[in-house]
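Fold and geometry: a report
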Amino acid sequence: MYEVVKELILTSEIPGGDLISEGDVARRCAVSRTPVREAFLRLEAEGWMRLYPKRGALVLPVTDREAGDVLRARLLLEGHAVAQIVDRPAVRAVVLDELRANLADHRGVESSDIAAFSRIDARFHQLIVAAGDNQLIAGFFSSLGERHRRMTTASVQRDPGVVARIFDDHAALIDAIESGDPMAFDAALAAHLTSVHQGPSTYGQAIR
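Residues numbered from 1 in each chain as written. Predicted model: local features only at pLDDT ≥ 70, side-chain atom pairs only at ≥ 80, totals over all residues. Heavy atoms only, no water.

**Focus: the sheet that holds strand 1 (residues 19-20)**
Our working definition: Strands qualify as paired when DSSP identifies two bridges or more between them. Helix and strand assignments come from DSSP, with helices taken as H or I runs of at least 4 residues and strands as E runs of at least 2, each series counted from the N terminus.
Ordered by their spatial adjacency, three strands build an open sheet running 1-3-2, and the pairing between neighbours is antiparallel. Every interior strand has two partners, whereas the edge strands, strand 1 and strand 2 (49-52), have only one.

Here you go:
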């Protein structure tokens with residue numbers, strides 16, 4: 001039940017700012033309240049919601065601070081990985097094949113399937129960091145994956161045009177890696193994060 005409720009949050013089927021009850025979710029998922037209560041307690045401990053006795057659970061929205069922290073961390077970690085990749089031709093060739101396959105898979109998913117769309121999007125960036133061959137960094141980056149997915153979901157739902165920009169931006173990131181130019185990658189990634197996650201009413205100066 002925990003995974004089910006978290007997925008509803010990550011895909012914005014339960015948006016941030018919504019106050020939900022155990023009964024609402026139990027009816028929606030056709031289960032008793034007990035597993036829902038246990039899921040709520042775990043999600044509160046992880047910072048996804050805040051419980052109010054006899055009122056329900058508030059799904060915490062993504063704050064400007066959280067968004068900024070996630071985006072800045074991604075810039076640092078992905079940029080570091082690419083700096084390690086460019087001087088290792090064999091590794092670069094492998095990751096380029098993986099990224100191109102990911103992009104092809106991504107284009108084949110309907111943007112309305114937001115769970116699959118956001119999952120493949122997060123996987124693209126995880127492939128880059130994993131190729132940097134630092135297990136501590138890769139592990140930390142994976143922990144950002146759920147926040148990454150939630151932010152991507154919100155961006156796509158806010159502006160469907162983001163889908164085409166994600167595809168174009170990912171192609172540009174692949175080109176920068178292929179050219180062996182970490183500075184070009186850093187610039188392309190910063191532009192990507194800005195165009196996808198910083199619309200007119202989103203996270204303001206999040207990555208500046």
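**A few points about the side chain of threonine 11**
As a reminder, the rule being used: Under the rule applied, a polar contact is a pair of N or O atoms within 3.5 Å (in protein, one hydrogen donor and one hydrogen acceptor; residues adjacent in sequence only if both atoms are side-chain atoms). Contacts were defined at the residue level, with two residues in contact if any of their heavy atoms lie within 4.5 Å.
When you line up the elements, threonine 11 lands in the loop between helix 1 (2-10) and strand 1. Side-chain polar atoms of threonine 11 contact the backbone oxygen of glutamate 7, separated by 2.7 Å. For threonine 11, the residues in contact, after removing those within four places along its chain, are Ile114, Ala115, Arg149, Thr153 and Gln157.

**Concerning the UniProt feature "domain: HTH gntR-type" (unreviewed entry) in the protein**
Note the cut-off: UniProt positions are given in the numbering used here, feature names are shortened, and annotations may be inferred rather than shown by experiment.
With numbering aligned to this structure, UniProt lists the feature "domain: HTH gntR-type" (unreviewed entry) at residues 1-62. Note that residues 1-62 is 48% helix and 16% strand, and that its end C-alpha atoms are spaced 22 Å apart.

**A closer look at the packing of helix 4 (residues 64-85) against helix 6 (residues 114-131)**
Condition: Between N-to-C directions, angles cover 0 to 180 degrees, with each direction set by a line fitted to C-alpha atoms, over the stretch in contact for helices. Our angle categories are set so that under 35 degrees counts as roughly parallel, over 145 as roughly antiparallel, 65 to 115 as roughly perpendicular, and the remainder as oblique. By definition, any crossing whose near helix is turned counterclockwise from its far helix by less than a right angle is left-handed, and any crossing with a clockwise turn is right-handed.
Packing of helix 4 against helix 6 brings their axes to within 7 Å, and their N-to-C directions diverge by 50°. Classified by the angle their axes make, helix 4 and helix 6 are oblique. Between helix 4 and helix 6 the crossing geometry is left-handed. On the side of helix 4, the interface is formed by Arg74, Leu77, Glu78, Ala81, Val82 and Ile85, while helix 6 contributes His125, Ile128, Val129 and Ala131.

**What about the environment of valine 59?**
Keep this limit in mind: Only protein chains enter the calculation, and the probe is 1.4 Å; a residue is then buried if its accessible area is under 20% of its type maximum, exposed if over 50%, and partly exposed in between.
Residue position: valine 59 is located in strand 3 (residues 56-59). Assessed through its relative accessible area of 0%, valine 59 is described here as buried. The spacing of valine 59 and leucine 19 is 40 residues in sequence and 6.4 Å in space, taken between C-alpha atoms. Sequence-distant contacts of valine 59, defined by excluding residues within four places in its chain, comprise Ile9, Ile14, Pro15, Gly16, Gly17, Asp18, Ile20, Trp48, Met49 and Arg150.

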